[in-house]
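Chain by chain, the residues:
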Amino acid sequence: MNRYAFSFSIHHRHHFNSLFIVRFLNQGTHSLDSPITINTTNRRPFPDYSPKKTTIKDSEIVHQISISIKQRRSETLHRILKPFESKFRRDYLIWVFMKIKYDYSLVFSFFDWARLRKDTTLEARCIVIHIAVASKNPKIAHELTYEFWRKPNLDINVSFSNFFEQLVYTFKDWGSDPLVFDIFFQALIDVGYFDEARNLFDKMLSYGVIISVDSCNCLLSRLSNNMSDDGGIETALKIFSEFPEMGVCWNTASYNIIIHALCRLDKVKEAQSLLLQMESKGCFPDVVSYSTVIDGYRRAGEIERAFEVVEEMSTKGLKPNPFTYNSIVVLLCKNGKVKEGERILREMMNQGVVPDNVVYTSLIDGFCKVNDLQAAHRICGEMQKQQLVPDTVTYTALICGLCRTGKMDEADKLFREMRNKGMILDEITYTSLIDGYCKAGDMKNAFALHNKMVQMGLTPNIVTYTVLVDGLCKRGEVETANELLQEMCGKGLQLNTCTFNSLINGLCKAGNIKQAVKMMEDMELAKLYPDAITYTTIIDAYCKAGEMVRAHNLLREMLDKGLQPTIVTFNVLMNGFCMLGMLEDGKRLLNWMLEKGIKPNATTFNSLMKQYSIHNNMKATTEIYRGMNTQGVMADSNTYNILIKGHSKARNMKEACYLHSEMVGKGFSLRATSYNSFIKGLYKKKKFAEARKLFEEMRREGLAVDREIYNIFLDLNYDDGNVETTLELCDEAIEKSLVDKNTKDTDQT
C-alpha cells in the first residue's frame, strides 16, 4: 500500500491532435529571458501622455503638498497632509506624482495614503506600476497589478480593456520599460485569467513588444498543471507550437514544462522524442529534462527504457539529482530489485546527494515486500541517523511487511507506537493491520480494529471491506462475507472485481466450485467483468479437484474473451497436470508456452522437476533443469531443494554437492527434508565429515532432524567414544519424540 509509488498512478484521459505534436517537435528554440521590442512596419506607436491641465489654484495646492511631503519626511503623511484633506481631489494625485516621480519611495507612500482614502484612479495605479518597474521594484508592480484583479464583482472584460488602455497610455512618459507588460501578463496568469493573458500577448505584438520567454513559461506551466481544466494541457501544447511563429524563443525550461505535460498524458515516448530533438533546436537538455522522462517511464513501469535514459544522461555528463535518484530507486523497488535500489542509494550518497524520506521509505517498502524485514529495519535505523523522521507512510510500510510475514504482535506494537507519538493513523494504516489479522485468521481482532477505525471518524473503504470479506471467505464463512457485502452496499460503496474475486476464492476453498462459477456470471451482470485472477482462481479449483478438462475449457474461454492469462494461470495448470501424474501433458503445456512466446518462470519448471524427482527419474529432471537454463530462467530456492533432494536419493552426490555449493553462493538455504536426504546420501557414500558438518548446521538452524539421521550420528559418536555428545543427542531425540517414530515429512518442496 505504498502511497508514494508513489504516490504517486493517475491516468489522464486528455487527447490532443497529433498534428500539434508533429508541429512543436520541429520548432527551433533560443534562449531569451526578458521582453523585447521588434521592428515592424505595422507596429503601432505608444500614445503621448496628456493629463488634464491644472488651474492656478490647483497648481498652488499641488505645489504645497509636494513641498510639504518632500521637506517633512520624518513625519507621517497622515500628519503632513491633514491640512489638505478637505481640499484634496483625485486629480491632485497624478499632478503630485509629476512633481515627485523620481523620488520612488515617496511615490509609493503617497499612493498608499491616497488608497486608504479611496482617492485613487486606474490611471494613477498604472503610473505607480510604471514607476515601480523604473525603480527596479518589480515586486511592488506585481502586487499592485495582482491586487487589482482580486477585486470582488469585477467585470473581467471591461476591466481588462480599461487596464490595458491605461497601461499603454501612461507607458511612454512614465516608464517606457516593456517589463511592465510582462508583470501584467504574469498577474493575469496568477489569478487564472489565461484567455486574457493570451489576449494581452496578441495586443502587445501590435506595439512591437514580445512577452518574455520566462513569462510565457509561466503560462505553459499553469496551463499544463491546471488539472481542473480538461483542455489545459492541450492549450499549453498549442501555445508551444504557435508562439515561436510570433517571435518567442523557447528555452530549456520551456521544453521541460512540455516534457512534463506529455509525461502526465502518458505520452512518455513523445516526451523522450522531444528531449532528443532539443539539442538540434538550439536548446540543451538538463538534468530536469532527463529526470522527468525517467520518472515518466517509472510511472509507466518501463524499467528498461528508464535505464536507457539514465545511461544517455550519463553520456551527456549530467549528474543525477535527488529527484532522478528517487525515481530510479522507486522504479527498482517497484520491480522487486530492492538490493539494486540500495546500491543506487549508496551511489547517491557517495555523490554527496542526501536522500530524503521518499527514497528511504521506498527502500523500506521494497524490502518489506520481499519479506526482508531485517534489511527494512536496518534502512529505517539508517534513516533516523540521518535525522530523517519516519512518517505515516514509512510506518505503514513496516506494518504491511510485518503483517505479510505473520508477525502480528510486532505489527500491533508498531501501530500503538504510531498512536503514542500522535501520528495520523489513516484508512491505509488501519486497513494494513486489518489485512494482517485477516490473513492470520484472527477475525475477532480484525473486526475490533474495524470498529475502532469507525469510532475514530475514519470511513472504511472498498479495500477495507474486501480484506475482511477475503478473511471470512478463507475461514469458510461465505454467508457472513455476503452479509458484510450487503452492509457495504448499504453504505453506498460499489463492489469491485477484487471483492468478487475474494468471494469466488472463498467459495473455491470451501469446495463450492459451482457457486463460484455462478458468482463469476453475476459479475458480468453487474458490469464487472472477470479478470485473469478470477479465471485463474476457478481454474486452480478445477485442477485441485482433478477436473482438468473443465480447467482447460475455462482457459479457452478466457483466451476467447481476449483476456491474457498470467504466468500464475499456466503454473496452476502445470501443477494440476503434475499432481495427477499427467507429466506428458505438463511437458506439452510447457512446449506450447514456449512456442507462443510465453516465458515460463522457475515455478513452471519446478512443478515438472518435482514430480519426475519423486518418481526417481533424475535423467528427466536434469533435462528439464537444462531446458530451464537454456531459456534463461534463474533457479530459485525450490529448484535447488528439488534437485539436491532428488540427486541425494539417487546417490548422485557429486551433482548434489555441486548444486549445494552453487545454492549457498546465491544465498539460498536447504529445507529440512533436503538436509535429511543430503546427509543420508553423504553418509551412504562414506563422506562422514561432510555429513557431520551438515548435521551440525541443521541443528543450529533449528530444523527438524528425522529419526534415521539421529541414529546415524548416535552410532558414529558412540563408536568414536564421544559419550557426552552421544548422550546429548539421545536427550535431544527424546525431547523431539524421535525415538519411536519418524518425523512426518511436511515439506512442500
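Residues numbered from 1 in each chain as written. Predicted model: local features only at pLDDT ≥ 70, side-chain atom pairs only at ≥ 80, totals over all residues. Heavy atoms only, no water.

### Focus on the overall build of the chain
In plain terms, the rule: Put simply, DSSP H or I for four residues or longer makes a helix, DSSP E for two residues or longer makes a strand, and each gets a number counted from the N terminus. When we talk radius of gyration, it's over C-alpha atoms, and the globule rule is simply 2.2 Å times the number of residues to the 0.38. The buried label applies to any residue whose accessible area, calculated with a 1.4 Å probe on protein chains only, is under 20% of its type's maximum; exposed applies above 50%, and partly exposed to all values in between. For the purpose of charge, His is not counted, nor are the chain termini; Lys and Arg are scored as positive and Asp and Glu as negative. The location of each charge is read from NZ of Lys, CZ of Arg, CG of Asp or CD of Glu.
Looking only at helices and strands, the chain has 41 helices and two strands in total. The C-alpha radius of gyration of the chain comes to 38 Å, more than 25% above the 27 Å expected for a compact globule of 749 residues. Counting only C-alpha atoms, the chain reaches 130 × 55 × 55 Å along its principal axes. The burial tally for the chain puts 49% of its 749 residues in the buried class. Within the chain, the 91 negative side-chain charges are centred at a point lying 2 Å from the centre of the 94 positive side-chain charges.

### Focus: the pattern of salt bridges
Two side chains of opposite charge can pair, provided their charged atoms sit close to one another. In plain terms, the rule: Whenever a carboxyl oxygen of Asp or Glu lies within 4 Å of a side-chain nitrogen of Lys or Arg, that contact is scored as a salt bridge.
A complete count under the given rule lists 36 salt bridges for this structure. Ionic pairing is found between Arg198 and Glu242, a salt bridge with its closest N-O pair at 3.4 Å. Residue Arg198 is located in helix α11 (residues 194-206), and its partner Glu242 is located in helix α13 (residues 232-242); the two are separated by 44 residues in the primary sequence. In this structure Arg198 comes out as partly exposed when scored by relative accessible area, which is 22%. The buried category is assigned to Glu242, whose relative accessible area is 15%. With a closest N to O distance of 2.7 Å, Asp412 and Arg416 form a salt bridge. On the criterion of helical spacing, the pair formed by Asp412 and Arg416 is a turn pair, its members being four residues apart in helix α23 (residues 408-420). Ionic contacts of the salt-bridge type, sharing partners, join the residues Lys52, Asp58, Arg89 and Asp91 into one network.

### Considerations on the packing of aromatic side chains
Basically, it comes down to this: Put simply, two rings from Phe, Tyr or Trp (the six-membered ring, in Trp's case) pair if the centres are within 6.5 Å, and we call them stacked under 30 degrees between planes, edge-to-face over 60, tilted for the rest. Only when the NZ atom of a Lys or the CZ atom of an Arg is both within 6 Å of the ring centre and within 35 degrees of the ring normal do we say a charge sits over the ring.
In total, this model carries 30 aromatic pairs according to the counting rule given. Judged by centre distance (6.0 Å) and plane angle (20°), the rings of Phe46 and Phe181 are stacked. With a gap of 135 residues between them, Phe46 in the loop between β1 (36-37) and α2 (56-71) and Phe181 in helix α10 (residues 179-190) connect regions that are remote in the sequence. Overall, the relative accessible area of 13% leaves Phe46 in the buried class. Phe181 gets classed as buried once you look at its relative accessible area, which sits at 0%. The ring centre of Trp174 lies 4.7 Å from the NZ or CZ of Lys101, which sits over that ring.

### Some remarks on helix α4 (residues 90-100)
So the rule is basically this: By definition in these notes, contact holds between two residues if any of their heavy atoms fall within 4.5 Å.
Here α4 has its buried residues at Tyr92, Leu93, Ile94, Trp95, Val96, Phe97 and Ile100. Of the surrounding secondary structure, the elements contacted by the buried residues of α4 are α2, α5 (104-117), α6 (122-134) and α9 (171-174).

### Thoughts on helix α33 (residues 583-595)
Short version of the rule: A helix is expected to span 1.5 Å multiplied by its residue count minus one. Directions drawn from the helix axis to the C-beta atoms are what define this arc.
Between its terminal C-alpha atoms α33 stretches 18 Å, which fits the 18 Å expected from 13 residues at 1.5 Å a residue. Of all the residues in α33, the buried ones are Leu583, Gly586, Leu589, Leu590 and Met593. End-on view of α33: buried residues confined to an arc of 115°, all on one side of the axis. Seen from the open side of α33, the exposed residues pointing more than 90 degrees away from its buried face are Arg588 and Glu595. Packed against the buried residues of α33 are α32 (567-579) and α34 (602-614).

### A look at the packing of helix α27 (residues 478-490) against helix α28 (residues 497-509)
Stated formally: Here an angle of 0 to 180 degrees is reported between the N-to-C directions of two axes, which are lines fitted to C-alpha atoms, with helices fitted over the stretch in contact. Should an angle fall under 35 degrees it is taken as roughly parallel, and over 145 as roughly antiparallel, whereas 65 to 115 is taken as roughly perpendicular and any remaining angle as oblique. The sense of a crossing depends on the near helix, which, turned anticlockwise from the far helix by less than a right angle, makes the crossing left-handed and, turned clockwise, makes it right-handed.
Where α27 contacts α28, the two axes come as close as 10 Å, and the packing angle between them is 165°. In terms of orientation, α27 and α28 fall into the roughly antiparallel class. For the pair α27 and α28, the sense of crossing is left-handed. Where α27 approaches α28, its residues Val478, Ala481, Asn482, Leu485 and Met488 are matched on the opposing element by Thr499, Leu503, Gly506 and Leu507.

### Overview of the packing of helix α12 (residues 213-225) against helix α14 (residues 252-264)
To keep it simple, the criterion reads: In this classification, the charged set is Asp, Glu, Lys and Arg, the nonpolar set is Ala, Val, Leu, Ile, Met, Phe, Trp, Tyr, Cys and Pro, and all remaining amino acids, among them Gly, are polar.
Between α12 and α14, the least distance of the axes is 9 Å, while the angle of their chain directions is 10°. As judged from the angle between their axes, α12 and α14 are roughly parallel. From α12, Val213, Asn217, Leu220, Ser221, Ser224 and Asn225 reach across to α14, where they touch Ala253, Ser254, Ile257, Ile258, His260, Ala261 and Arg264. For the contact of α12 with α14, the per-class residue count stands at six nonpolar, six polar and one charged.

### With respect to the environment of Thr622
We apply this condition: In protein, a polar contact requires one atom able to donate a hydrogen and another able to accept it; more generally it is a pair of N or O atoms within 3.5 Å, and residues adjacent in sequence count only if both atoms are side-chain atoms.
Summarising the element assignment, Thr622 is placed in helix α35 (residues 618-630). A polar atom in the side chain of Thr622 sits 2.7 Å from the backbone oxygen of Met618.

### With respect to unusual backbone geometry
For Lys118, which is not glycine, the phi torsion reads 60° and is therefore positive. Looking at the element boundaries, Lys118 is found in the loop between α5 and α6. Taking relative accessible area as the criterion, Lys118 reaches 64% and is therefore assigned exposed. Positive phi values are uncommon outside glycine, yet Lys136 reaches one of about 65°.

### Points about the state of the cysteines
As a reminder of what qualifies: Any two cysteine sulfur atoms within 2.5 Å of one another count as a disulfide.
In total, this model carries zero disulfides according to the counting rule given. The thiol sulfur of Cys263 is not disulfide-bonded, and the nearest other cysteine sulfur, from Cys283, lies at 17 Å. Exposure remark for Cys263: the relative accessible area of 11% places this residue in the buried category. Cys333 takes part in no disulfide bond, and the closest cysteine sulfur, belonging to Cys368, lies 11 Å away.

### Some details on the side chain of Thr466
Checked against the element boundaries, Thr466 lands in helix α26 (residues 462-474). Not counting residues up to four positions away in its chain, the partners in contact with Thr466 are Asn496, Cys498, Thr499 and Ser502.

### A closer look at the environment of Tyr325
Along the chain, the position of Tyr325 falls in helix α18 (residues 322-334). Of the residues examined, Tyr325 reaches a relative accessible area of 2% and is grouped as buried. For Tyr325 and Ser669, which are 344 residues apart along the polypeptide, the C-alpha to C-alpha distance reads 33 Å. Discounting chain neighbours no more than four positions away, the residues touching Tyr325 are Pro320, Ile344, Glu347, Met348, Gln351 and Val353.

### What to know about the side chain of Asp182
Of note, Asp182 is situated in helix α10. Of the polar contacts made by the side chain of Asp182, one reaches the side chain of Ser212; its length is 2.3 Å.

### Observations concerning the confidence of the model for the chain
How we decide: A residue's pLDDT is the predictor's confidence in that residue, given on a scale from 0 to 100.
Mean pLDDT over the chain works out to 85, with 92% of the residues at or above the 70 mark. Across residues 739-749, where pLDDT falls below 50, the model places 24 contacts with residues more than four positions away in sequence or in other chains.

### A look at the environment of Met698
Mapped onto the elements, Met698 comes out in helix α39 (residues 688-700). Once the C-alpha coordinates of Met698 and Glu279 are considered, the two residues, 419 residues apart in sequence, prove to be 62 Å apart. Residue contacts for Met698: discarding those within four places in its chain leaves Ala672, Tyr675, Asn676, Ile679, Leu703, Ala704 and Val705.

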